[in-house]
Amino acid sequence: QVRFVESGGDLVQPGGSLILSCTASGFYFNIYHMAWFRQAPGKQRELVATITRRGSTNYYPDSVKGRFTISRVDANNTVFLHMNNLKFDDTAVYYCNKNRQLGSWQGPDDFWGQGTQVTVSS
């Protein structure tokens, strides 16, 4: 069974930094592209970062580009999200997921973890 366990969320002041972790199981982690998403209250879930299965290519929307970095450690089935210069608008529950199929990014799988809460507040 596919499973994601996210951790690392916290209350942080604007301009602060956090590192989120996601440990995955139930599939061959090293052959799938991975991604981080977030969902703020009252808003749709949005993609914030993707990383290819070899970690060679990453994607970031303009809202987080230059501030967020995604990385992975295949030996530990773990994907990370390094977040710097956090802003109020980054407040959300953050989730990781895998590509729904092999090959180029097609979107997330149907299984979601509990997520980890990031709150940016002064």
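Engineer: Teacher, can you tell me more about the pairing of strand 5 (residues 46-51) here?
Structural biologist: Successive side chains on a regular strand alternate, one facing one side of the sheet and the next facing the other. When strand 4 (residues 34-39) meets strand 5, the two strands line up antiparallel, connected through five bridges. The partner of W36 across the bridge, within strand 5, is A49. The hairpin formed by strand 4 and strand 5 contains six residues between the paired strands, and G42 there has a positive phi angle of roughly 75°. Where strand 5 lies against strand 6 (residues 58-59), two bridges are found, and the strand directions are antiparallel. Bridging from a neighbouring strand, T50 pairs with Y59 of strand 6. Once strand 5 ends, the chain turns through six residues before running back antiparallel as strand 6, passing G55 with a positive phi of about 70°.

Engineer: Can you walk me through the sheet that holds strand 2 (residues 11-12) in this structure?
Structural biologist: Hydrogen bonds between backbone groups are what pair the strands of a sheet, and the pairing can be parallel or antiparallel. On the basis of which strands lie adjacent, the open sheet formed by six strands has the order 2-10-9-4-5-6 and mixed pairing. Both edges of this open sheet fall to strand 2 and strand 6, since each of them pairs with a single strand only.

Engineer: Help me understand the pairing of strand 7 (residues 68-73), please; the structure alone is not making it clear to me.
Structural biologist: Of the two faces of strand 7, the one holding F68, I70 and R72 is buried and the one holding T69, S71 and V73 is not buried anywhere. Sheet topology places strand 7 next to strand 8 (residues 78-83); six bridges connect them, and they run antiparallel. Bridge pairing links S71 to F80 in strand 8. Taken together, strand 7 and the strand that follows it, strand 8, pair antiparallel across an intervening segment of four residues, in which N77 is found at a positive phi of about 50°.

Engineer: Before we go on, may I ask you to explain the environment of I51 in this structure?
Structural biologist: Tracing the chain through its elements places I51 in strand 5. With 35 residues separating them in the primary sequence, I51 and G16 have C-alpha atoms 23 Å apart.

Engineer: Teacher, can you tell me more about the sheet that holds strand 8 here?
Structural biologist: Judged by pairing direction, the sheet is antiparallel, and its four strands sit side by side in the order 1-3-8-7 without closing on themselves. Looking at which strands have only one partner, the edges of the open sheet turn out to be strand 1 (3-7) and strand 7. If you compare each strand with its neighbour and ignore which way they point, the axes differ by 20° on average. Bridge count between strand 1 and strand 3 (residues 18-25): five bridges; the pairing is antiparallel.

Engineer: I keep staring at the state of the cysteines and nothing clicks. Help me out?
Structural biologist: Cysteine pairs can be linked by a disulfide, which is a covalent bond between their two sulfur atoms. Following the criterion strictly, the structure yields one disulfide and no others. Covalent S-S linkage joins C22 and C96, the inter-sulfur distance amounting to 1.7 Å. Of the two residues, C22 is situated in strand 3 and C96 in strand 9 (residues 92-98); the sequence distance between them amounts to 74 residues. C96 shares its class with C22; the two are buried.

Engineer: For this particular structure, what's the right way to read the packing of aromatic side chains?
Structural biologist: For any pair of aromatic rings, geometry is given as the distance between the ring centres together with the angle between the planes. Counted according to the given criterion, the structure contains six aromatic pairs. Ring plane angle 85° and centroid distance 5.6 Å describe the contact between F27 and Y32, whose orientation is recorded as edge-to-face. Assigned by exposure class, F27 and Y32 land together as buried. Among the aromatic side chains, those forming a connected cluster through ring pairs are F4, F27, F29 and Y32.

About the criteria used
Residues numbered from 1 in each chain as written. Predicted model: local features only at pLDDT ≥ 70, side-chain atom pairs only at ≥ 80, totals over all residues. Heavy atoms only, no water. Pairing = 2+ DSSP bridges. Helix = DSSP H or I, 4+ residues; strand = E, 2+ residues; numbered from the N terminus. Buried < 20%, exposed > 50% of the residue type's maximum accessible area, 1.4 Å probe, protein only. Axes fitted to C-alpha atoms, helices over the stretch in contact; angles between N-to-C directions. Disulfide = S-S within 2.5 Å. Phe/Tyr/Trp six-rings, centres within 6.5 Å; stacked < 30°, edge-to-face > 60°.

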